[in-house]
Amino acid sequence: MVCYDALLTKREPALSLEAKELIRSRLDIAEVIGEVVALKPAGRGQLKGLCPFHSEKTPSFHVHRDRGFYYCFGCQAKGDVFDFVMSTQHLEFAEALTLLGQRAGVAVAPLAPKDRRKRDLYDVNSLALAYFKAQLHDAKGASARDYLQRRKLTQASIERFELGYAPDGWDTLLKHGLTKGLSDQELLAAGLLAEAESGRRYDRFRHRLIFPIKDSLGRVVGFSGRVLDDSLPKYLNTPETELFKKSELLYGLDLARAAIRASGEAIVVEGYMDVIALQQVGFNNAVASLGATLTKEQAEALSRLEVQRLYLAFDADEAGQRATLAGLEQSVGRQFLVRAVTVPYGKDPADAVLNGHAAEFRAALQEGLSEVEFRFRSVLSRYDKTTLDGKRAILNELLPAIKPRDLFDPVASEMRRLVIDHLGIDGQRLDDWLSSKRTRRLDDMQLRGMARPTAKRSQVAVIELEVIALLLLEPARLRVRLEQLMALLPPTLNDSVLREFYTICQACGFDDRQILLKYREREEGGILFERLFSQSPDEDNRIDIDGHINKSLSRLRELYLTDEKELQRAVLLERLKEVSGYLTDPGLPPSQLQHYYAELKSINAMLAARDAERRLRVPQHLRRRK
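In this report, the structure presented in the accompanying data block is examined. Please read all numbers here as calculations on a predicted model, not as lab measurements.

## As for the overall build of the protein
For the protein, the helix and strand inventory stands at 30 helices and 16 strands. The burial tally for the protein puts 46% of its 626 residues in the buried class. Taking the contacts inside the protein whose residues are at least 6 apart along the sequence as the reference set, 64% of them involve residues at least 24 apart. Carbon together with sulfur atoms contributes 51% to the accessible area of the protein, which is approximately 32000 Å² in total.

## A word on the pattern of salt bridges
For the structure shown, the criterion picks out 21 salt bridges. Between Glu162 and Lys214 there is a salt bridge, and its shortest N-O distance comes to 2.4 Å. Linking Glu162 in the loop between α8 (155-160) and β6 (164-166) with Lys214 in strand β9 (residues 208-214), this pair joins segments that are 52 residues apart in sequence. Overall, the relative accessible area of 13% leaves Lys214 in the buried class. One network of salt bridges, in which partners are shared, links Lys133, Glu162 and Lys214.

## Describing the sheet that holds strand β3 (residues 61-64)
The sheet built from five strands is open, its strands ordered β1-β2-β3-β4-β5 with antiparallel pairing. A strand with exactly one partner marks an edge of an open sheet, and here the two such strands are β1 (40-41) and β5 (78-79). In this sheet, β3 lies alongside strand β2 (residues 46-49) in antiparallel orientation, the contact comprising four bridges. Each residue of the ladder has a partner; that of Leu47, found in β3, is Val63. Helix α4 (residues 81-89) rests against β3, β4 (69-72) and β5 of the sheet, and its axis sits at about 55° to β4.

## Concerning the packing of aromatic side chains
With the rule as written, the count across this model stands at 19 aromatic pairs. The aromatic ring of Trp170 is capped on one face by Arg206, whose charged end is 4.1 Å from the ring centroid.

## With respect to unusual backbone geometry
In this structure, the amide linkage connecting Leu232 to the following residue, Pro233, adopts the cis form with an omega of 0°. Turning to its location among the elements, Pro233 is positioned in the loop between β10 (220-227) and β11 (235-237). Even without being glycine, Glu306 reaches a positive phi, approximately 65°. Relative to the helices and strands, Glu306 resides in the loop between α13 (296-303) and β14 (309-315). Unusually for a residue other than glycine, Phe510 sits at a positive phi of about 60°.

## Re the sheet that holds β6
Pairing is antiparallel across the open sheet formed by four strands, whose spatial order is β6-β9-β10-β11. Where the open sheet ends on each side, the last strands, each with one partner, are β6 and β11. If you compare each strand with its neighbour and ignore which way they point, the axes differ by 35° on average. Alignment of β10 against β11, held across three bridges, turns out to be antiparallel. Considered in β11, the bridge of Gly225 is made with Leu236. Contacting β6, β9 and β10, helix α6 (residues 121-136) runs over the sheet at an angle of about 35° to β10. Strands β9, β10 and β11 of the sheet are contacted by helix α12 (residues 272-280), whose axis makes an angle of about 75° with β9.

## Here we look at the pairing of β9
Taken across its seven residues, β9 has seven buried, putting it largely inside the fold. By the alternation rule, side chains of β9 split into Arg208, Ile210, Pro212 and Lys214 and Leu209, Phe211 and Ile213, which are all buried. Strand direction decides the pairing type here: β6 and β9, joined by three bridges, are antiparallel. Bridge pairing in β9 places Ala166 opposite Arg208.

About the cut-offs
Residues numbered from 1 in each chain as written. Predicted model: local features only at pLDDT ≥ 70, side-chain atom pairs only at ≥ 80, totals over all residues. Heavy atoms only, no water. Helix = DSSP H or I, 4+ residues; strand = E, 2+ residues; numbered from the N terminus. Buried < 20%, exposed > 50% of the residue type's maximum accessible area, 1.4 Å probe, protein only. Contact = heavy atoms within 4.5 Å. Areas by Shrake-Rupley, 256 points an atom, 1.4 Å probe, with all protein chains shown as cover. Salt bridge = Lys/Arg side-chain N within 4 Å of Asp/Glu carboxyl O. Pairing = 2+ DSSP bridges. Axes fitted to C-alpha atoms, helices over the stretch in contact; angles between N-to-C directions. Phe/Tyr/Trp six-rings, centres within 6.5 Å; stacked < 30°, edge-to-face > 60°. Lys NZ or Arg CZ within 6 Å of the ring centre and 35° of its normal.

Structure below.
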């Protein structure tokens, strides 16, 4: 360990620089930042993650390990390991230097040793924690130990969460602090003392079980005390201080961080005891919100750990679930797949899991009320989904939730599924609308066009009719485009609408008026005219006809290919049934029996391969959904 005390008075500036460079050489900036931001490789010597300085879903925060710097392409935040610690922990340079020096094994002396500065608030809290822990094991802490025993907490959990006890006295901590060189002003600044109107200062926590509250790095920033009798308030927290920001903290996050990162899930509860109990029985991703709901700042802390699913276990009944989801900040529901959980066999999670119902609690996590579904049904209840106006209002209101913000957005994927299922909308057409630059310009024709076809064959026909409408938008180029299209068209069924259209065009000499007269009385004419007249004649809004035709042609090829493969699969299944029937014949010669067994094996192998291919053709967002 290096010490600079002897030289400090003569070379303060040089010494600070020397200490800084030594600390920098010993620390890996990626490890320091990685305790706050989930980092992933992003090229040689670089990593990236979600920026801790602004809200984002796509990582733009980069760390260059070799050069020891970070930079965010979103908010332009930049600097070295000292800048990062100063910004994220709200520290002055001297404080960051000391903190990182402790981590690197470098002793950094105060910048002004002759002028004793105020003791760091973290040190004050650490001293108080040591005192509370000692009191828990003292004779005075018997009532607190009895309470913990009744609640079935293990000694390992008590030690892991560093629980303590505040004795029943007005100035026990105050006197202890004074003997350790602390002033009452420092204890007051840390929120450990309260002040009466008369100016008298006294211990804030008296005859209470003490829960130390830590930040994500495991540093004590405050305390919460629970009564051991019937007095009120039941819980008393440290007031807001320079360190204790209730809306930004999650109890137990320092211990749960690794499990949360590994699973992409977090269980959020209300009580400190709930967190300890859940982690005691194996739910290591449990944290508490320090309030009745989750704040935006707390959600951002979880988002930086790449959480995708949140389970809120705040109340034991369904009414409480709905109240929780109704009060949930919209931005939180937009970031994660959220479920409100009904706690089984107990009024809170701690009661449930410590009384032998951990398995039931685990099952309840999957059965909770989905925030996405809750939000969808809330919107659905306000409009008539059977009318075009109702569907338009529903889609417009849900648009922010349906439109994906990232390559894989689980909230958007789940909302999309509900919209498709309940509004009878075709998934591909919905995606086309979402990807359009004119997303909000949803008219009646577009809505009708989104209707999900009742069968695969009608879906093909609808796409072909859309192509016909596109072709008729520019009659002068109808012949050229159609002939080119027919050459590119994949092998089709005998009832192809496009092939029939080509025959009609030839008979009418490619005269668009005559062609439309032919379709006026036909069954598919309604769809054709609807598509044709829904296009805007405005020159500024003219669509890319060739681009749309090529896109539709691609979809047709995909549908035809799927049909062909499904037909081949049906033939194989039919042959499998025949061969299986032959094998039941007791008089079958051994040579024939061997032949059919070989064929049966071959058919099963081909069916397995085709089923695997079918699964691969399922959209990615559906394959990932749990």
